[in-house]
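# A closer look at the structure
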Amino acid sequence: MGEAVVALAGRRLVSLLAFRGCDAALGQALGVALPVLARVVDFGGMRYLWAGPGAWLAMADDPARLDALFAIDAMAAVSEQGDGRCLFFVNGPQAREILARLLPIDLSESAFGPDFVAISQAGHVGVMVWREGDGFILACYRSFAGSLHHALNEAARAANFPI
Amino acid sequence: MRLQCPHCGPRGLAEFTYHGDATVQRPVDRGAGSSAAWADYVYLRDNKAGVHQEYWYHQAGCHAWLVVTRHMRSHEVMAVRAAMVRA
Amino acid sequence: MSGRRLATGGLIDRARPVDFSFDGKAYQGFAGDTLASALLANGVRLFGRSFKYHRPRGVLSDGVEEPNALVEWRDGARREANTRATVAEIFPGLAARSQNRFPSLKFDLLSVNNALAPLFAAGFYYKTFMWPASFWERVYEPLIRRAAGLGRNAGLADPDAYEAVNLFCDVLVIGGGKAGIAEAMAAARAGGRVLLCDERAGLGGQALSDGEAVDNGALAALPNLRIMNRTTVFGVYDGGVYGAVTRLTDHLPVHEAAGPRQRYCRIMATRAVLASGAIERPMVFAHNDRPGVMLAGAVRAYIHRYAVAPGARAVLFLNHDEAARTIPSMAGAGMAIAAVVDGRAASGAAVHDAAKAVGAPVFAGAAVTRALGRMGVTGAEIRGADGGMFRVACDIIAVSGGWNPALHLTSHLDGKPVWDDKIAAFIPGSLPPGMVVAGAAAGAGINEGIIPLWHVPSRPETSFVDFQNDVTVKDLTLAQQEGFGATEHVKRYTTLGMATDQGKTGNVNALGIMAGGCAMMGTTRFRPPYTPVAIGALAGAHRGMRFRPVRLTPTHGWAEAQGAMFTDAGLWKRAQYFPQGGEDWREAMVREVSAVRQSVGICDVTTLGKIDIQGPDAVAFLEFVYANGWRNLAVGRARYGLMLREDGFVMDDGTCARLGEWHFLMTTTTANAARVMQHLEFCHQVLRSDLDVRFASVTEAWAQVALAGPRARDVLARLVDDDADVSNEALPYMGVRAVRLRQGVPARVFRLSFSGELAYEIAVPARFGADLPAWLMASGADFGITPYGTEALGVMRIEKGHPAGAELNGQTTAHDLGLGRLLSKAKDYVGRAMSQRPALCDPARPGLVGLQPLDGVSPLRAGSHMLRPGAPANAAHDEGYVTSAAFSPTLGHPIALALLAGGVARQGETIRVYDPVRDGDALALVVNPVFYDPTGSRLRG
């Protein structure tokens, strides 16, 4: 039984913002059907998170593989984002109860499936949230990490008092 | 108040920033100076007690600019669409 | 003649006695008691003194509608005024106190107000305390403040924790009485998530108060149904959003209470069922506010819920059939029933049968005209059908003028209740989208056989309509006479319905009494909250240090270790100065500025917005959003950019560097980072979707530190690896290079200067941000490299006359700031047309100038205004204001930037700098705003 709120080590993230008319071509170049809805797609050790219309955030089991994305800069604006984000893993049987204190979106099983991703706020901190393992990942801008961590820990304590 | 973002789904008002009237059109710039058309575009607004279109920005979400059709008296939101649709 | 506990019955837990105190006296009750039921059981009748007239008051009801029994609950910082004794659950060790009385509840000096009642009629404060005018602030207001008001605020910080939760459901059922339970079960069985909320500690509602058994065992078996007790849904908001508050530990002693005290629930519900029941109406007759006058339904509740007989001998005054069930309840509790007074000429079978069964006399076509007794009811004066008056001894007058559906929530989104003549009550009219109403809240099953009896006149008369605000029938009459007869006017003129109970027991009676009857006058608009909500519950965790997030730069830890003092820049913490020894801020600033100008220093500039712009049309887009031109900017160069609003005023400035043919990096001021991003997206998505360009915020991806001073290049050369050429030729002013640091880390170097010295900004991926300052300090050790903060940064930019936030205040144009040459004439850009308005180009407008005190020492403060010497010091002669000011260590005297009518054309003039708020008044010389190195030679070497 681990901690319900865990600050994760840094993860390399690369932003892909497709140029006009390039959404499909970008997917072809990467060999994957990039999600057009707010979903996560895994393929060949790479993971692509929808991040807005024509926008995705890419991560990889082997971060070095993300270097290749910079070669397709004729089809998309590519930029490093990992340094600017901090990730938190909220897991365990009370994960949803904890997040209900902070996120104004419906994270129930029926409303937020295993391959869903959402961009919203946790308290006053902007976050991207998706599911991993038996919990949720919250990614925020690095400068907010201390405030978000504090808020998550407080919510974890509050989750001991059921709704 | 909640808005149905076409990309993110229903979200609370705190995620959005209101901009203003979506029915006004930026005058085509012909190199001349200010004019009545420009002053109207920047300053003049109708104040309808009925259905209206307005710009909202999903600043805490997908960063899309949205055109919201809303009734000014009942606050009923009739439609929400993205201002720019990707090809 | 007083209340007592019954030997058996009730829903209290007789196995758990509770010791508590009221006004310092010790009592005992049971778990499950409210303060009201426990005190009634102990024979207490007097609970408080009324707001205006300080009349003795007792308990009227068993619920949130209670207007009289308001007490101070708990001690010290947790003391909460105006707590309704009928709702608050007692716990061991509770100390509660009555309010609004001095020196004691029994003997209250201000009851003299009652004798002076004619002076305190409605609206008296509009007609009195007017003369002399000077007395208002010094005499009348302090006196009124001390004499008025109900309970006392603790005046201390709230020590409790609160929290907020977001809940989603398909059906929200508001109210857990019989109707609510049935609706919740049906909704849960149909599938979907159901939330059932009830104000009380347990489900059952009015049925439990009437002694019926309520079976809600089946609810527990439904996994998709969540029951929330002690939860009040207090508001309906747009979009299917409901606000509710759960009282988690208010019924527990402090040492037993763990976790948050209350929880604010923001509920998003697709549908809602309002099953909130109904609230009983009192009767209006002379002295109907005496302790012992109680709502009939409440009498039954005290008997059945709490096993308390509120008195020994009762008169029942009613005008509808349902109230008759009070008869068997009272008889069963051993109370004598002295009379059943039915306002209807023909009393129905329900009344007659119930009365006959217990041998109680019925008087039809009659009315109670007066409650007798002062500190408590001793009898009732009754007018018979034949007009004859007689008196009956009693200690309880149970009244019921009918029931009002509790439809407040239907009105929160502007729904208007409608009058139903058949049941003589308002029922819900138009409903919030997604809401239906069930049970008594819809008017079902109430007021059978009712004939309205709004007012029993008598002489002399003091009869109350709004108990909490002491509004009488006479006040309503006066309001009408003075022309304030409309519903919303009556409310404000008399304060009817404006107290903490929001008129739950008085509003409808008032409408009935006012000429015209209910059909013509609607209710006032009900607004959230339905019952009072603690501000702490709404604040939740967002208080104190958690009020808003704090943003820390990657170098924050390093700066802290250097002993930096921090300042707020929006949500960011930035190092303001690095005091050494016992330096104060000014000494530190002087040392830091001198160090930079004479040698070299470093300063974190990560907080400035950085936006990565890429795309085939990136140049065309920059041309559109900036006033100046970008086509000829070479790769590897940066340029200052000025951004206007569409109305022609300056919005923001920054630098934009070209990293590639399609690739730019734009910077913004710290304060405007988000606003500029929003603006770029607007310009693209709404105005110029024809352009193919994308934006990514990289503010956080890069840690950025400024390296400034004549030795900056020497330091930089030691920081970068041997392959990097940072000579003046290889990296000229405004150049941009990608390099590798000696430590192997990739970096970008921008040769930009805010200080006016030879300077660079070094950007590394943020994960190296904590190390970069230390690497720079090591590289610059030989040159006495000095960390500097925003204080020194600010002074140096004032010395250089750079416009910054204080000058980019939304009211200045490019011309005002001396940047008119940047306005391109060759292209369309945001703000171009309107910036050419004659008034915005008028040379008489306030323009940016420098100021220095004539005497060389007088400080000049930002916010001071400027006048011609000898001119009257008033707004008509105002020539402008000072925007930024500082003591300049470099020049050795105070300096300032200001916006002066006519601008730099007035160089050489003497101007009076006038600051009456802070006693500033000095003469200054108008000079070139660029105080230091006006030719910029130090920048380009």
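Residues numbered from 1 in each chain as written. Chains lettered and ligands numbered in written order. Predicted model: local features only at pLDDT ≥ 70, side-chain atom pairs only at ≥ 80, totals over all residues. Heavy atoms only, no water.

Residue and element names in this part refer to chain C. Residues Arg459 and Pro460 are joined by a peptide bond in cis, for which omega reads -15 degrees. Inspection of the secondary structure puts Pro460 in the loop between strand 28 (435-437) and strand 29 (464-466). Residues Pro528 and Pro529 are joined by a peptide bond in cis, for which omega reads 0 degrees. On the secondary structure map, Pro529 appears in the loop between helix 12 (507-513) and helix 13 (535-539). Positive phi, normally seen in glycine, also occurs at Asp414, with a value near 80 degrees. Its relative accessible area of 46% is what places Asp414 among the partly exposed residues. A positive phi angle, near 55 degrees, is found at Asp470, a position not held by glycine. Residue classification places Asp470 among the buried positions, given a relative accessible area of 0%. (Helix = DSSP H or I, 4+ residues; strand = E, 2+ residues; numbered from the N terminus. Buried < 20%, exposed > 50% of the residue type's maximum accessible area, 1.4 Å probe, protein only.)

Residues and elements named next belong to chain C. Across the sheet, which stays open at both edges, the 5 strands sit in the order 3-2-8-6-7 with mixed pairing between neighbours. Each end of this open sheet is capped by a strand with a single partner; those strands are strand 3 (25-31) and strand 7 (80-84). Averaged over all pairs of adjacent strands, the angle between their axes in this sheet comes to 40 degrees, without regard to strand direction. Pairing between strand 6 (residues 70-73) and strand 8 (residues 94-98): 3 bridges, direction antiparallel. If you follow Val71 over to strand 8, its bridge partner there is Ser98. (Pairing = 2+ DSSP bridges. Axes fitted to C-alpha atoms, helices over the stretch in contact; angles between N-to-C directions.)

What follows concerns the interface of chain A and chain C. The partner chain C presents 45 residues to the 41 residues of chain A that form the contact. Together, the buried faces of chain A and chain C total about 3,300 Å²; carbon and sulfur atoms form 52% of this surface. Taken together, chain A and chain C are joined by 4 salt bridges. Between A:Asp83 and C:Arg767 there is a salt bridge, with the nearest N and O atoms lying 2.6 Å from each other. Our enumeration of links across chain A and chain C arrives at 22 residue pairs in polar contact (both at pLDDT 80 or more). Going through the elements one at a time, strand 2 (14-18), strand 6 (76-80), helix 2 (95-100) and helix 3 (145-158) of chain A are the ones with two or more residues in the side of chain A that touches chain C. Class assignment for the residues of the side of chain A that touches chain C results in 22 nonpolar, 10 polar and 9 charged. (Contact = heavy atoms within 4.5 Å. Buried area = accessible area lost by both parts, 1.4 Å probe. Salt bridge = Lys/Arg side-chain N within 4 Å of Asp/Glu carboxyl O. Polar contact = N/O pair within 3.5 Å; in protein donor to acceptor, adjacent residues only side chain to side chain. Nonpolar A, V, L, I, M, F, W, Y, C, P; charged D, E, K, R; others polar.)

Pairing between side chains of opposite charge can happen when the charged atoms of each approach one another. Applying the stated criterion to the full structure yields 63 salt bridges over all chains. Across the pair A:Arg131 and A:Glu109 runs a salt bridge, and its minimum N-O distance is 3.2 Å. A residue pair is termed long-range when its members are at least 10 positions apart, and A:Arg131 in strand 9 (residues 125-132) and A:Glu109 in the loop between helix 2 and strand 8 (117-122) qualify at 22 residues. Note that C:Arg200 is salt-bridged to C:Asp62, the shortest N-O span being 2.9 Å. Placement of C:Arg200 in the loop between strand 10 (194-197) and helix 6 (205-209) and of C:Asp62 in the loop between strand 5 (56-57) and strand 6 is noted, with a sequence separation of 138 residues between them. Judged by relative accessible area, C:Asp62 falls into the buried class, the value being 7%.

Attention shifts here to the confidence of the model for chain C. Here chain C averages 94 in pLDDT, and 99% of its residues register 70 or above. The complex model carries a pTM of 0.93, and its ipTM stands at 0.98. (pLDDT = per-residue confidence, 0-100.)

Before going further, it helps to spend a moment on the side chain of C:Thr86. Inspection of the secondary structure puts C:Thr86 in the loop between strand 7 and strand 8. A distance of 2.7 Å separates a polar atom in the side chain of C:Thr86 from the backbone oxygen of C:Gly63.

For the rest of this paragraph, the subject is the interface of chain A and chain B. The interface is formed by 15 residues belonging to chain A together with 12 residues belonging to chain B. Summed over both partners, the interface of chain A with chain B comes to about 1,000 Å²; 50% of that surface belongs to carbon and sulfur atoms. On the chain A side of the interface with chain B, the three residues burying the most area are A:Pro53, A:Ile119 and A:Gln121, jointly 46% of the side's total. Taken together, the links from chain A to chain B amount to 1 salt bridge. In this structure, B:Arg86 engages A:Asp23 in a salt bridge whose closest nitrogen and oxygen atoms are separated by 2.6 Å. On inspection of chain A and its partner chain B, the count reaches 5 residue pairs in polar contact (both at pLDDT 80 or more). Among the secondary structure elements, those contributing two or more residues to the side of chain A that touches chain B are strand 4 (46-52) and strand 8 of chain A. Here the side of chain A that touches chain B takes 4 residues from strand 8 of chain A, the largest share from any one element. Across the side of chain A that touches chain B, the residue classes break down as 9 nonpolar, 5 polar and 1 charged.

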